[in-house]
Structures are given as C-alpha cells and as structure tokens.
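# Descriptive analysis of the structure
Given next are the chains, with one letter for each unit.
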Amino acid sequence: LFFAKSDARPTNLIPRKSPESGIVESSVKWDESEKAALIELFYATGGTGWKKSGRWIVNPDITTWSGVVVSTDGRVTKLILNDNGLKGKLPDIFSSLPFLKVLYLSGNELVGPIPVSIGGLSKLDSLDLSKNKFVGAIPKSLGGLFSLKRLLLDHNELEGTVPSTLGCLSNLRWIDFRQNKFTDPLPGFLDFIPVRRPSEAAKF
C-alpha cells in the first residue's frame, strides 16, 4: 500500500505587521490542503466542544491554532491534542498532512478504526493514540512508518492480530499495546523493543 507525497509548496500567506510601525515585516505561509485537513478534523471530532480550541477556525492563520505546530517553511509538523475532548470517528485525513512528525491524540473519546492513511506518514516520529475507544485491527499500513520511534496504542478496544508489518520498523524504541482485546499473542519481533505486554498490565 503506497501513499502519494505532496511536493506542493505552501500556497497561502498572511502579511504580518510590526505593532510599532505597522510595516509588513514577514509573511506566514501554509498549504491549503493541510489547512482543509485540520478543518475537517475539527468538525468531525466536535471541535466546538474541545477543552482547548484556541483560535481554530476563527483565525485563518493556522500557526495560531492550539496544538498545531508549523515549520518555518509552512508545513504542519506536529499535532498535539491530548486530553482535549475530541469525540467521534477520526477522519481519514492524514494523506493531506505528509510532513507530520508528531501525532498525539491520547486521552480523548475517539471511536472507530484507526485511519489507514496514518501509515503514509513517512516522517512520523511519535504516534500516541492511547486511552481512546479505537476498535478493529491495527492497520497493516502502520508498517510504512519507517521513522517511527514511539507507538502507543494502549487502553483502546483494538482486536485481532498485531500485524507482522510492524516488524519492519527498525527505529522503534517504545511500544505500548496494553489493555486491548487482541486474540493472539504478541509477535516475537516485539521482544527486541522495550514493550509493555497486555499480560503485564498489573505491574504498571
């Protein structure tokens, strides 16, 4: 399974003025498809009821949105919305956010399957979807996250078998799959990673 990467440069800008002189000093740029993906996430997960929605939607400049980190070249690189009251199904928007390095959505009320498009985030370093209500199997596409070092899926309702594709993730340093509903033993390749197994939940 392959996901196309966007090479398009940011297409929107907002002039910024010095508060003292009123002269335009610089501009903030972003990619329109990335902004559209964030807006879809906001409405799909009850954004108006989030604990911290910051300037989402009301301010067109996404660099001011709470939990959104944008690089100097205008790409969304971090999305940090832990414990923020997100509810409902997580939309499959991540093919539009190809520069994400950190995705933290733990401690919310997200339901349904983990979006397959997360597996296309080749730059992703840390993924935390723990303490939600995700169901179904772990997508095999997560085996494409070759930069991933941290994978936290604990305290969900995931089931089935942990896909063997995760064995391709040579950079993984931490995994937590506790408190799910997996029907098969965790695969042996996880023995080489600092991992908390479901059977060890009482120790932590």
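The structure this text deals with has already been given above.
A brief structural summary.

About the criteria used
- Residues numbered from 1 in each chain as written.
- Predicted model: local features only at pLDDT ≥ 70, side-chain atom pairs only at ≥ 80, totals over all residues.
- Heavy atoms only, no water.
- Helix = DSSP H or I, 4+ residues; strand = E, 2+ residues; numbered from the N terminus.
- Buried < 20%, exposed > 50% of the residue type's maximum accessible area, 1.4 Å probe, protein only.
- Contact = heavy atoms within 4.5 Å.
- Areas by Shrake-Rupley, 256 points an atom, 1.4 Å probe, with all protein chains shown as cover.
- Phe/Tyr/Trp six-rings, centres within 6.5 Å; stacked < 30°, edge-to-face > 60°.
- Salt bridge = Lys/Arg side-chain N within 4 Å of Asp/Glu carboxyl O.
- Polar contact = N/O pair within 3.5 Å; in protein donor to acceptor, adjacent residues only side chain to side chain.
- Pairing = 2+ DSSP bridges.

### Considerations on the overall build of the chain
Counting its regular elements, the chain contains one helix and 14 strands. Within the chain, buried positions represent 43% of all 204 residues. Taking all contacts inside the chain whose residues are at least 6 apart in sequence as the whole, residues at least 24 apart take part in 46%. By element, 52% of the accessible surface of the chain is carried by carbon and sulfur atoms, the whole surface being about 10300 Å².

### Here we look at the packing of aromatic side chains
Per the stated rule, a full pass over the model turns up six aromatic pairs. Centre to centre, the rings of F42 and W50 are 5.1 Å apart; their planes meet at 65°, and the pair counts as edge-to-face. Residue W50 is classed as buried on the basis of its relative accessible area of 6%. Plain terms: the ring middles of W50 and W56 are 4.9 Å apart, the flat faces sit at 75° to each other, and that makes the pair edge-to-face. There is no split in this pair, since W50 and W56 are both buried. Ring-pair connections join several aromatic residues into one group, and the members of that group are F42, Y43, W50, W56 and W65.

### Examining the pattern of salt bridges
Under the defined criterion, the tally for this structure stands at four salt bridges. For D31, the salt bridge identified is with R75, shortest N-O distance 3.8 Å. One end of the pair, D31, is in the loop between β2 (24–30) and α1 (32–44); the other, R75, is in the loop between β3 (68–70) and β4 (76–80), with 44 residues separating them in the sequence. Each member of the pair, D31 together with R75, is buried. A salt bridge links D125 to K149; its shortest N-O distance comes to 3.9 Å.

### Topic: the side chain of S106
Assignment of secondary structure puts S106 in the loop between β6 (102–104) and β7 (109–112). On the accessibility criterion, S106 (7% relative accessible area) is buried. A distance of 2.8 Å separates the side chain of S106 from the side chain of N82, its partner in a polar contact.

### Focus on the sheet that holds β7
Hydrogen bonding along the main chain pairs the strands of a sheet, whether they run parallel or antiparallel. An order of β5-β7-β9-β11-β13 is seen for the five strands of this open sheet, with the pairing classed as parallel. If you trace the sheet from one side to the other, it starts and ends with β5 (87–89) and β13 (181–182), each paired once. Alignment of β5 against β7, held across three bridges, turns out to be parallel. Note that in β7 the partner of K89 across the bridge is V111.

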